[in-house]
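Listed here are the chains, written in short residue letters.
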Amino acid sequence: MNKFESRRSQPALNTEEGWLVQVYGSNRRLLCVLDPSHGWIFLLGCGFGLLLSVIWINIARYSSPSEPTPAAEPPAFQVD
């Protein structure tokens with residue numbers, strides 16, 4: 001038996017496992033963990049905020065401007 005035949009090949013990269021980010025402080029304590037769900041929720045929030053701002057700008061552009069109604073009578077008490 002040859003040495004090279006008994007050697008295991010490198011494991012294949014499994015892309016279905018996802019990812020995980022762990023953030024540590026300077027004293028090697030775990031500060032927070034970011035899962036894939038955190039990333040998806042962040043992207044959904046950004047998309048929803050962008051959609052809401054576009055809708056808000058379009059509504060503001062096509063709505064009639066609200067102008068104050070002119071006063072028919074002068075104020076009752078005027079100070080010079």
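As shown above, the structure is provided for reference.
Rules behind the numbers
Residues numbered from 1 in each chain as written. Predicted model: local features only at pLDDT ≥ 70, side-chain atom pairs only at ≥ 80, totals over all residues. Heavy atoms only, no water. Helix = DSSP H or I, 4+ residues; strand = E, 2+ residues; numbered from the N terminus. Buried < 20%, exposed > 50% of the residue type's maximum accessible area, 1.4 Å probe, protein only. Areas by Shrake-Rupley, 256 points an atom, 1.4 Å probe, with all protein chains shown as cover. Pairing = 2+ DSSP bridges.

(A) Seen up close, the overall build of the protein. Each helix and strand counted, the protein has two helices and two strands in total. Beginning at the N terminus, the succession of helices and strands in the protein can be written as α-β-β-α. Counting over 80 residues, the protein shows a buried share of 0%. For the protein, the accessible surface area stands at approximately 8700 Å², while carbon and sulfur atoms represent 61% of it.

(B) Unusual backbone geometry, seen in detail. One non-glycine residue, arginine 28, lies in positive phi territory at about 65°. In this fold, arginine 28 is placed in the loop between β1 (21–24) and β2 (30–34). The exposure class assigned to arginine 28 is exposed, which follows from its relative accessible area of 77%.

(C) Molecular detail of the pairing of β1. In terms of strand pairing, β1 meets β2 through four bridges, oriented antiparallel. Across the sheet, valine 23 pairs through a bridge with cysteine 32, a residue of β2. Connecting the antiparallel pair β1 and β2 is a turn made up of five residues, with arginine 28 showing a positive phi of about 65°.

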